[in-house]
Amino acid sequence: MLLRLAASVLALAALNVTIQAQAPDPRLLSERWEARWIRAAGQTGPGVYLFRRAVDLPSRPERFLVHVSADQRYQLFVNGRRMAAGPARGDLDHWRFDTVDLAPALRPGRNVVAAIVWHFGAHAPMAQVSHQPGFVLQGDGEAARALNTGQGWKAAVEPAWTPLPLDRARVFHQYFAAGAGERIDGARRHWGWERPEYDDSAWPAAEVIGIAAPRGARDSPSRWFLVPRNIPLMEETPERLTAVVRAEGTSVPAGVLEGNAEWTIPPNTRATALLDRGMLTTAYPEIVMHGGAGARVTVTYAEALYGRGEGGRPEKGHRDEVTGKTIAGLQDVFLPDGGRDRLFEPLWWRTFRYVEIAVETGDEPLTIDDIRARFTAYPAVQKARFSSSDPLLQRIFDTGWRTVRLCSHETFMDTPYWEQLQYIGDTRIQALVTLYMTGDDRLVKNAIELFNQSRMPDGLTQSRYPTDLPQIIPPFSLFWIGMQHDLWWYSGDKEFARRFLDANRGVLAWFEARLAPSGLLGRMEWWSFADWIDGWPHGEPPQLESGESVILSLQFAIALREAAALEDAVGSVTVAARYRALAREIAAAARRLAWDEQRGLLADTPAKALFSQHANILAVLADVVPQDQQRDLMTKVLEDPSLTQATYYFRFYLFRALGKAGLADRYLDELGPWKTMLDLGLTTWAEKPEPTRSDSHAWSAHPTLDLLAIVAGITPATPGFGRVWVRPHLGELSELDAAVPTPRGEVSVSYTRKGDALEATVVLPEGVTGTIAWRETIRPLESGRQTVLLR
């Protein structure tokens, strides 16, 4: 029975992967729907709710589309098979609905379509916007319209689920915004409710609560403005934990983690098992059990284990070490009811490397039949490749991609464990890695659109979105413009870029209104975060009392230049010229007020008391110093330890400045922080140097991009890769092979040292030309495959 159940669940996971979102009927985007929003009768507050509807079919259809959404989230089942989960996160003005083909799970005769909908209210993740509990399903076509929500649907409260708020002491009072754990009481659960044979005769009719209509429909009295999903359904792939680290109270038989042995905990016993996935993951944990009425199973998830450091401070240390360490973090609680084949899983996925299962049995033994998981993330497909004569670079490349994958779901996320929020500063870097690794721009465009939808009346975007708690970091609005520029330069998509011109002008007008008479930005409202520097309160760079900051001012100047390029391409050349002129004025003011001739460095403020890598990185990127002086300046940035040092995040801009200054050959020497993280056993990149809160922060993943764009040297020379620059910076490498997907096809390179020369083989897509440059040699490249010897 156990093996049959395991195979069945794995088959359901595989089915969910194969079903893709379908294009909706155009009428759904302009007219009221026939379906109505429904809820369990009288239930207006947080809870978990079940919906069912039967439909008779004369035969199995080839196509059977439905359009479905819920507040806050749903899982949709057909005849017991899970078909989809959603909706993709957005806001009330852009509430996503999913279009799903149910035909693969339908059969002749009676079929049951069912949905579980949950609304955790104040205990939901901060990224979850919400109105009230509700569910809607609209059929597409005459047969499918029989399923329209309204009359005929039944609904029940699922009392088994309650939120389990995080005890903040369990994360040492660090910032946590990813939502609550879940308490699931098996004795109160509607087991088998999603299957056709379940008896729902005692269920009351669902209550209609309002009209369903798309955004922009005439006379639409609904707070949910429906828009179609614009990204694919999330990937779900079975995976296994890899090791039992330790056990107390009972032994864990070999084979439990492979699903071919049982673990029985005797009556009136306390037992724990600490399990290791071997690497960080984002997954739905699944525990199959039987018996154990009156038991309590507590599952704790953690990125890393904690020991005690100096003064008793919690310290992670080497992530592989477990001796003397304990687990702390988010928890779920399962209360078995004594039944057989009970599958316990939370409604939302968890982030973990380590999992502790703590069991307290009552008078009945509990048997755990299987412990497994379903990996989930945005269904990204890696198309880029990288290998070289230094195997450590492969580990850095792969670790960065794993980090970005775990931070990519229905939106990009800063950290999947701690926050699950899409921040602009993080997302800009994640987006570029994603484009270079996959060529898939859908999640990138989704992010740009969501930040546009977050804009405040004064013109600024919010710093993170979607969210139920607004936060404003003005410099992040500038990076949002940079994101648009990055996407346009990679993809060449002018139509998408054109959509945000007015919004960009509003952002830049906000900053321009705050220029001081000095020519630098003056005092700004909100939070001017720049980097997590220990000496910078709240990560804000040094400023004068009047507000002047060279770092913040130069970020504005760079955004003006990026906006000007977009204006030249799809907007107004007059506006572009004005932006460039203003950028030059700000750069000149920074040089005039903050350049220290004695040190040959740009100070953080006109007071010239503090100096950082940050100000001088931006001085290069904004051309505060002439091009012929930038190499010397960046050499000082790398070699002067008295400068405030950039952390992992801001080193993204450090590496851009190295390239601009002609020092990209020093790039590989600057990967020490990432090698240190690998030496500490991390399997994803951390938020900042130790001690770090987050072990999974994709803003630190830019070396994966850099190995392709800087070391392999593959970059667009014109928007959309119509022409390509190939400029390798190999350091001491003797061999390298790499490829990047582009909108015009794959660009691949292969390099081999031949004494003092470099043999380069480059393959360009049809119709694409380019230039290769190494040291002082520059050669033209044509479409197709070509091998050149460079000296």
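Model, not experiment: these values are computed from the prediction.

## Comments concerning the overall build of the chain
Item 1. Per the secondary structure count, the chain includes 14 helices and 36 strands.
Item 2. Over its C-alpha atoms the chain spans a radius of gyration of 28 Å, differing by no more than 12% from the 28 Å that the globule rule assigns to 791 residues.
Item 3. Projecting the C-alpha coordinates of the chain onto the three principal axes gives extents of approximately 80 × 65 × 60 Å.
Item 4. The burial tally for the chain puts 61% of its 791 residues in the buried class.

## Observations concerning the sheet that holds strand β2 (residues 47-57)
Item 1. Strand order in this open sheet of five strands is β5-β4-β7-β2-β9, and the pairing throughout is antiparallel. Pairing within the sheet leaves two strands with one partner each, and these edge strands are β5 (81-86) and β9 (154-157). Shown here is a sheet whose adjacent strand axes are inclined to one another by a mean of 20°, direction ignored.
Item 2. Summarising the sheet, β2 and strand β7 (residues 109-119) pair through 11 bridges and their orientation is antiparallel.

## Digging into the layout of surface pockets
Item 1. In this structure, the largest pocket spans a volume of roughly 1,700 Å³.
Item 2. Mapped by element, the contributors of at least two residues to the lining of the largest pocket are α3 (424-438), α5 (474-491), α8 (550-570), α10 (613-621), α12 (651-660), α14 (702-711), β29 (714-716) and β34 (769-774).
Item 3. Split into classes, the residues belonging to the lining of the largest pocket amount to 26 nonpolar, eight polar and 12 charged.

## So, the packing of α3 against α14
Item 1. Look at α3 against α14: their axes get within 9 Å of each other, and the N-to-C directions meet at 45°. If you check the angle between α3 and α14, you find them oblique. The chirality of how α3 crosses α14 is left-handed. In this structure, α3 uses Ile-429, Leu-432, Val-433, Tyr-436 and Met-437 to contact α14, whose residues at the interface are His-702, Thr-704, Leu-705, Leu-708 and Ala-709.
Item 2. Its residues placed into classes, the contact of α3 with α14 shows eight nonpolar, two polar and no charged.

## Some thoughts on unusual backbone geometry
Item 1. Following Asp-71, the chain continues into Gln-72 via a peptide bond in cis, with omega recorded as 10°.
Item 2. Here Gln-72 shows up in the loop between β3 (65-71) and β4 (73-78).
Item 3. The step from Tyr-465 to Pro-466 runs through a cis peptide bond, and the omega angle for that step is 0°.
Item 4. Inspection of the secondary structure puts Pro-466 in the loop between α4 (442-453) and α5.
Item 5. With a phi angle near 70°, Trp-526 is a residue other than glycine that sits in the positive phi range.
Item 6. Locating Trp-526 in the fold gives a position in the loop between α7 (501-512) and α8.
Item 7. Of note, the phi angle at Phe-721 is positive, near 65°, even though the residue is not glycine.

## Focus on the nonpolar core
Item 1. One finds Met-634 and Leu-736 to be the most contacted residues of the largest nonpolar core, which totals 152 residues.
Item 2. With 11 residues, the top contributor of residues to this core is α8.
Item 3. Look past the residues within four positions of Leu-736 in its chain and what remains in contact with it is Phe-386, Ser-387, Ser-388, Val-711, Ala-712, Leu-730, Val-749, Ser-750 and Tyr-751.
Item 4. In this structure, Ala-156, Ile-287, Val-299 and Phe-334 belong to the second largest nonpolar core, which totals 42 residues.

## Things to note about the pattern of salt bridges
Item 1. Enumeration over the complete set of coordinates arrives at 47 salt bridges.
Item 2. Measuring nitrogen to oxygen at the nearest pair gives 2.5 Å for the salt bridge that ties Asp-370 to Arg-372.
Item 3. For Arg-372, a relative accessible area of 2% translates into the label buried.
Item 4. Among the ionic pairs, Arg-442 bridges to Asp-440, the shortest N-O distance being 3.0 Å.
Item 5. Residue Asp-440 is classed as buried on the basis of its relative accessible area, which comes to 15%.
Item 6. Members of the salt-bridge network, linked through shared partners, are Arg-82, Glu-236, Arg-240, Glu-286, Glu-345, Asp-370, Arg-372 and Arg-374.

## Comments concerning the sheet that holds strand β26 (residues 385-388)
Item 1. Read from one edge of the open sheet, five strands run β26-β31-β32-β33-β36, paired in antiparallel fashion. The sheet is open, and its two edges are formed by β26 and β36 (784-790), each paired on a single side. For this sheet, the mean inter-axis angle between neighbouring strands, taken without regard to orientation, is 10°.

## Structural notes on the environment of Leu-501
Item 1. Here Leu-501 lies in helix α7.
Item 2. Sequence separation between Leu-501 and Pro-108 is 393 residues; the distance between their C-alpha atoms is 53 Å.
Item 3. Those residues in contact with Leu-501 that sit more than four places away from it in its chain are Leu-566, Glu-567, Val-570 and Gly-571.

## So, the confidence of the model for the chain
Item 1. Residues with a pLDDT of 70 or more make up 97% of the chain, whose mean pLDDT is 95.
Item 2. The low-confidence segment residues 1-20, where pLDDT is below 50, has 36 contacts with residues more than four positions distant or belonging to other chains.

## Some remarks on the packing of α8 against α10
Item 1. Between α8 and α10, the least distance of the axes is 9 Å, while the angle of their chain directions is 25°. In terms of axis orientation, α8 runs roughly parallel to α10. In the crossing of α8 with α10, the sense of the turn from one axis to the other is left-handed. Mapping the contact onto sequence places Val-550, Ile-551, Leu-554, Gln-555, Ile-558 and Arg-561 in α8 and His-614, Ala-615, Leu-618, Ala-619 and Leu-621 in α10.
Item 2. For the contact of α8 with α10, the class distribution of residues is eight nonpolar, two polar and one charged.

## Details of α3
Item 1. With 15 residues, α3 should reach 21 Å at 1.5 Å per residue; the first-to-last C-alpha distance of 20 Å fits that figure.
Item 2. Just past α3, the residue Gly-439 takes up positive phi, approximately 75°.

## A few points about the packing of aromatic side chains
Item 1. Under the criterion given, the structure shown has 39 aromatic pairs.
Item 2. Geometry around Tyr-284 places Arg-82 over its ring, the cationic atom sitting 5.9 Å from the centre.
Item 3. The ring of Phe-225 has Arg-223 lying over it, and the distance from NZ or CZ to the ring centre is 5.5 Å.

## Considering the pairing of strand β14 (residues 225-228)
Item 1. As paired elements, strand β6 (residues 95-101) and β14 share three bridges and run parallel to each other. When the bridges of β14 are listed, Phe-97 appears paired with Pro-228.

## As for α7
Item 1. Under the 1.5 Å per step criterion, the end-to-end length of α7 is 16 Å for 12 residues, consistent within 8% with the ideal 16 Å.
Item 2. Listed in full, the buried residues belonging to α7 are Leu-501, Ala-503, Asn-504, Val-507, Leu-508, Trp-510 and Phe-511.
Item 3. Buried positions along α7 lie against α4, α5, α6 (494-498), α8 and α9 (573-594).

## Examining the side chain of Asp-369
Item 1. As for its placement among the helices and strands, Asp-369 is situated in strand β25 (residues 366-377).
Item 2. The side chain of Asp-369 sits in the buried core without any salt bridge; Arg-340 is the nearest counter-charge, 5.8 Å away.

## So, the pairing of β4
Item 1. Judged by how many residues are buried, β4 sits mostly within the fold: six of six residues are covered.
Item 2. Burial along β4 is two-sided: Arg-73, Gln-75 and Phe-77 and Tyr-74, Leu-76 and Val-78, pointing in opposite directions, are all buried.
Item 3. By the bridge criterion, six bridges tie β4 to β7 in an arrangement that is antiparallel. Directly across from Val-78, in β7, lies its bridge partner Val-113.
Item 4. As judged from the five bridges shared by β4 and β5, these two strands associate in the antiparallel manner. Residue pairing in the sheet places Phe-77 in a bridge with Arg-82 of β5.
Item 5. Connecting the antiparallel pair β4 and β5 is a turn made up of two residues, with Asn-79 showing a positive phi of about 50°.

About the criteria used
- Throughout, residues of each chain are indexed from 1 in the direction in which the sequence is written.
- Totals for whole chains, interfaces and linings use every residue, but because this is a predicted model, local features are given only for residues with pLDDT of at least 70 and side-chain atom pairs only at 80 or more, for both listing and counting.
- Processing note: side-chain calculations cover all non-hydrogen atoms of the structure and skip hydrogens and water entirely.
- Helix and strand assignments follow DSSP, with helices taken as H or I runs no shorter than four residues and strands as E runs no shorter than two, numbered in order from the N terminus.
- C-alpha atoms define the radius of gyration, and 2.2 Å times the number of residues to the power 0.38 defines the globule rule.
- Accessible area is worked out with a 1.4 Å probe on protein chains only. A residue is then buried under 20% of its type maximum, exposed over 50%, and partly exposed in between.
- DSSP bridges decide pairing: two strands pair if at least two such bridges lie between them.
- Axis definition: a line fitted to C-alpha atoms, over the contacting stretch in the case of helices. Angles run 0 to 180 degrees between N-to-C directions.
- With a 1 Å grid spanning the protein atoms alone, the term cavity applies to any set of points in which a 1.4 Å probe fits but cannot get out, the term pocket to an open set with protein on both sides within 12 Å along at least five of seven lines, and the term lining residue to any residue with an atom within 4 Å of a point.
- Grid points are joined across faces, edges and corners, and a volume is the space filled by probe spheres set on the points.
- Gly is placed with the polar residues, together with every amino acid not listed as nonpolar (Ala, Val, Leu, Ile, Met, Phe, Trp, Tyr, Cys and Pro) or charged (Asp, Glu, Lys and Arg).
- Here the angle decides the label: under 35 degrees means roughly parallel, over 145 means roughly antiparallel, 65 to 115 means roughly perpendicular, and every other value means oblique.
- For any pair of crossing helices, the crossing counts as left-handed if the nearer helix is rotated counterclockwise from the farther one by less than a right angle, and right-handed if it is rotated clockwise.
- By definition, residues are in contact when any of their heavy atoms lie within 4.5 Å.
- In this description, a nonpolar core means a group of buried Ala, Val, Leu, Ile, Met, Phe, Trp, Tyr and Cys residues linked to one another through side-chain atoms lying within 4.5 Å.
- When a carboxyl oxygen of Asp or Glu lies within 4 Å of a side-chain nitrogen of Lys or Arg, that pair is called a salt bridge.
- pLDDT runs from 0 to 100 and stands for how confident the predictor is about each residue.
- Take the number of residues in a helix, subtract one, and multiply by 1.5 Å to get its expected span.
- Centres within 6.5 Å make a pair out of two Phe, Tyr or Trp rings, where for Trp the six-membered ring is used; the pair is then stacked when the planes are under 30 degrees apart, edge-to-face when over 60, and tilted otherwise.
- Charges are assigned to positions over rings by a cutoff of 6 Å between ring centre and Lys NZ or Arg CZ, combined with an angular limit of 35 degrees from the ring normal.
- In this charge count, Lys and Arg are treated as positive and Asp and Glu as negative; neither His nor the chain ends contribute.

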